[in-house]
Protein chains: 2
Amino acid sequence: MRFTSEQRLDDGVLEREFTLGEIPGIMWTPGSASAPVPLILLGHPGGLRTMYPRLVARALHCAAQGFAAATIELPGSGDRPRSAVAEQARADLQGAVRAGRPVDDEIVDRLVLPLVDTAAPEWRAALDALLALPEIGGPVGYAGGVISIGIRLAVVEPRISAALLFAGSFVPRALFDEARQVTIPLLVLLQWDDEGNDRQQALDLFDAFGSEEKTLHANMGGHTGVPRFEGDAGNQFFVRHLT
Amino acid sequence: MRFTSEQRLDDGVLEREFTLGEIPGIMWTPGSASAPVPLILLGHPGGLRTMYPRLVARALHCAAQGFAAATIELPGSGDRPRSAVAEQARADLQGAVRAGRPVDDEIVDRLVLPLVDTAAPEWRAALDALLALPEIGGPVGYAGGVISIGIRLAVVEPRISAALLFAGSFVPRALFDEARQVTIPLLVLLQWDDEGNDRQQALDLFDAFGSEEKTLHANMGGHTGVPRFEGDAGNQFFVRHLT
């Protein structure tokens, strides 16, 4: 892990860009922290530059609660090399959506399963590097999409103690089976009128999770319309489980 | 409105029992309040004595946030005279549930519609009396079940600015139509595994509400298993809308 730049943001939050091998990432640490702090991994759909405004807003919200936050670029997104298989699957999916056809499970599997298989070990490697830093103490939470990556990490990564997941569509059936194996506390956010999201599938997925403590927060509005107060609700969720 | 007893509880909260005509009620005001405070009406399924432990816990939670709270007995419950029609409807409903039969809409209408028609004006009269007290300033929220009474009040009582509703079954179809007329901010609590509650009906009702801001919080567990942290979430909801 190599830091490539740093700057101070509001409230003294330190933002540092890094690379982990070929993977770019960003981490944020609270300005006031004297002891090692818990860490929130910020999931996203890929494209750090495009996602930066939303990621930094969430990171500042985490920092205000005394949490560090970190994220890495997804395989095939941003400045990382494209995968021909994934690009074809994405084109097939978008073609089906534009034509108003149902999206075949086969297309979803072809797009999402390799992404999850590649990304999950990368996030675990990032976690190794982040937890080796003296300013990061753990415990660790995961917050955001891609929900399939969040599910995989919740199953395979015992250092993740709680997860806040954004309900999204195009979840492979195999990930529903993995969802049943999740046991950590979950907060699932669902945008009730998300035009690109199958509401019933999201409710079925919430039902499938094996966690004894799982909470669904459904709000009005489309995909990017998550209300501001859910930021506070997310912090309170992580305060309950990481402190 | 006539106060019949008073006692100081934890944190100096003042609990006063009152009668409003023949209707018994209880109100709680924060110990520290110097200016008039907002008011939360605490809904419940009937039976003030039985419900008291849960009501006082919710009232103390409200008071900790600087809110007054008040509740009245429902018609046909507690020490109030029984209605032969309601008792028969309740027996028919319980008979159907015990026999594992679906509960006819006709039974639900017979049980719930007269209850709503009688209770809603009583709660409005209580609101008149409570808002006339110098220590109560408004605005006003409604929190609890019976959800059908909450829906009716949200439609007909303009002094109620926000409502936290407990999803319950046996909602008459007519109340679904009224739900579409609700426009105040809502927080709806759903117990996902509530044995006596039809989950899909609760989701359909949430969908029906006309409010631009409505949030669903679904948690694991049965009817009385609402997690403690939802008390904080409820306070934050009312802080957003009543202060």
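The structure presented is a predicted model; accordingly, all values stated were derived computationally and were not measured.

Enquirer: Explain the overall build of chain A here, please?
Expert: The helix and strand inventory of chain A stands at seven helices and nine strands. Relative to the globule expectation of 18 Å for 243 residues, the C-alpha radius of gyration of chain A, 17 Å, shows essentially globular dimensions. The buried share of chain A, reckoned over its 243 residues, is 42%. In chain A, of all internal contacts separated by at least 6 residues, the share reaching a separation of at least 24 is 66%.

Enquirer: I would appreciate a short explanation of the packing of helix H2 (residues 84-98) of chain A against helix H3 (residues 105-131) of chain A in the present structure.
Expert: Packed helix pairs are characterised by how far apart their axes lie and by the angle those axes make with each other. Residues and elements named next belong to chain A. At a minimum axis separation of 8 Å, H2 and H3 run at an interaxial angle of 140 degrees. Put simply, H2 runs oblique to H3. Crossing geometry of H2 relative to H3 is assigned as left-handed. Touching Val85, Ala86, Ala89, Arg90, Asp92, Leu93 and Ala96 of H2 are Ile107, Arg110, Leu111, Pro114 and Leu115, all from H3. Within the contact of H2 with H3, the residues separate by chemical class into nine nonpolar, no polar and three charged.

Enquirer: So what exactly am I meant to see when it comes to the relation of the copies chain A and chain B here?
Expert: Relating the two copies of this chain is a rotation about some axis coupled with a shift parallel to it. Superposition of chain A onto chain B requires a rotation of 180 degrees combined with a translation of 0.0 Å along the rotation axis, giving an RMSD of 0.0 Å. Both copies of the chain, as the preceding transformation shows, are related through a two-fold rotation axis. Within chain A, A:His217 has its C-alpha nearest the rotation axis, a separation of 2.4 Å. Most of the interface of chain A is mirrored in chain B, where 100% of its interface residues are also at the interface.

Enquirer: Would you mind showing me how to read H2(A) here?
Expert: An α-helix turns once per 3.6 residues; consequently, residues spaced three or four apart project the same way. Along its 15 residues, H2(A) runs 21 Å from first to last C-alpha, staying within 8% of the 21 Å computed at 1.5 Å per residue. Remark: A:Gly100 follows H2(A) within two positions and exhibits a positive phi of approximately 75 degrees.

Enquirer: Hey, could you run me through the interface of chain A and chain B in this one?
Expert: How large an interface is tends to be reported as the accessible area lost when its parts come together. Residue-level contacts link 14 residues of chain A with 14 residues of chain B. Contributing elements (two or more residues each) for the side of chain A that touches chain B: strand S9 (214-219) and helix H7 (229-242) of chain A. Among the elements that line the side of chain A that touches chain B, the one with the most residues is S9(A), at six residues. Across the side of chain A that touches chain B, the residue classes break down as five nonpolar, four polar and five charged. Relative to strand S9 (residues 214-219) of chain B, S9(A) is paired through five bridges, and the arrangement is antiparallel. Following the sheet pairing, A:Ala218 is matched in S9(B) by B:Leu216.

Enquirer: I'm lost on the environment of A:Phe209 in this one. Help?
Expert: Residue and element names in this part refer to chain A. Tracing the backbone through its elements, the reader meets Phe209 in the loop between helix H6 (199-208) and S9. Along the primary structure Phe209 and Val182 are separated by 27 residues, whereas in three dimensions their C-alpha atoms are 6.0 Å apart. With residues up to four places along the chain from it excluded, the contact list for Phe209 reads Ala179, Val182, Leu186 and Lys214.

Enquirer: Explanation requested: the confidence of the model for chain A in the structure shown.
Expert: Low pLDDT marks stretches whose predicted atomic positions should not be read closely. With 100% of its residues at a pLDDT of 70 or more, chain A shows a mean pLDDT of 94. Interface confidence for the predicted complex, expressed as ipTM, amounts to 0.84; the pTM equals 0.90.

Enquirer: Would you mind going over the packing of helix H3 (residues 105-131) of chain B against helix H4 (residues 147-156) of chain B with me for this structure?
Expert: Residues and elements named next belong to chain B. The geometry of H3 relative to H4 is characterised by a closest axis approach of 9 Å and an angle of 50 degrees between their N-to-C directions. Taken together, H3 and H4 sit at an angle that is classed as oblique. In terms of crossing hand, the pair formed by H3 and H4 is right-handed. Facing H3, whose interface residues are Val112, Val116, Ala119, Ala120 and Trp123, H4 presents Ser148, Ile149, Arg152, Leu153 and Val156.

Enquirer: Where do I start with unusual backbone geometry in this structure?
Expert: With glycine set apart, most residues show a phi of negative sign, and most peptide bonds adopt trans. Residues A:Gly138 and A:Pro139 are joined by a peptide bond in cis, for which omega reads -5 degrees. Checked against the element boundaries, A:Pro139 lands in strand S6 (residues 136-144). Looking along the chain, the bond that leaves B:Gly145 and enters B:Val146 is cis, with omega of -10 degrees. One non-glycine residue, B:Asp11, lies in the positive phi region at around 60 degrees. With respect to the element layout, B:Asp11 can be found in the loop between strand S1 (2-8) and strand S2 (14-20).

Enquirer: Help me out: how do you make sense of the environment of B:Phe67 in this one?
Expert: Residues and elements named next belong to chain B. Here Phe67 lies in the loop between helix H1 (48-64) and strand S5 (68-72). Expressed as a C-alpha distance, the spacing of Phe67 and Ser161, which sit 94 residues apart in the sequence, is 14 Å. Residue contacts for Phe67: discarding those within four places in its chain leaves Val37, Pro38, Leu39, Ile40, Cys62 and Phe238.

Enquirer: Explanation requested: the environment of B:Arg180 in the structure shown.
Expert: Residues and elements named next belong to chain B. If you trace the backbone, Arg180 turns up in the loop between helix H5 (173-179) and strand S8 (186-191). Judged by the 14 C-beta atoms lying within 10 Å of it, Arg180 falls in the partly exposed class. Taking the C-alpha atoms as reference, Arg180 lies 15 Å from Ala163; in sequence the two are 17 residues apart. For Arg180, the contacting residues outside a window of four places in its chain are Ala208 and Gly210.

Enquirer: Got a minute to help me understand helix H6 (residues 199-208) of chain B in this structure?
Expert: All names here are of chain B. For H6, the complete set of buried residues consists of Ala202, Leu203, Leu205 and Phe206. In an axial view of H6, the angular spread of the buried residues amounts to 160 degrees, which keeps them on one side of the axis. Residues of H6 that are buried make contact with H5, S8 and S9.

The rules behind each value
- Residues numbered from 1 in each chain as written.
- Chains lettered and ligands numbered in written order.
- Predicted model: local features only at pLDDT ≥ 70, side-chain atom pairs only at ≥ 80, totals over all residues.
- Helix = DSSP H or I, 4+ residues; strand = E, 2+ residues; numbered from the N terminus.
- Rg over C-alpha atoms; globule rule 2.2 N^0.38 Å.
- Buried ≥ 20, exposed ≤ 12 C-beta atoms within 10 Å, placed from the backbone.
- Contact = placed C-beta atoms within 7 Å.
- Axes fitted to C-alpha atoms, helices over the stretch in contact; angles between N-to-C directions.
- Parallel < 35°, antiparallel > 145°, perpendicular 65-115°, else oblique.
- Left-handed = near helix turned anticlockwise from the far one by under 90°.
- Nonpolar A, V, L, I, M, F, W, Y, C, P; charged D, E, K, R; others polar.
- Least-squares fit on C-alpha atoms with pLDDT ≥ 70 in both.
- Expected span 1.5 Å × (residues − 1).
- Pairing = 2+ DSSP bridges.
- pLDDT = per-residue confidence, 0-100.
- Arc of directions from axis to C-beta.

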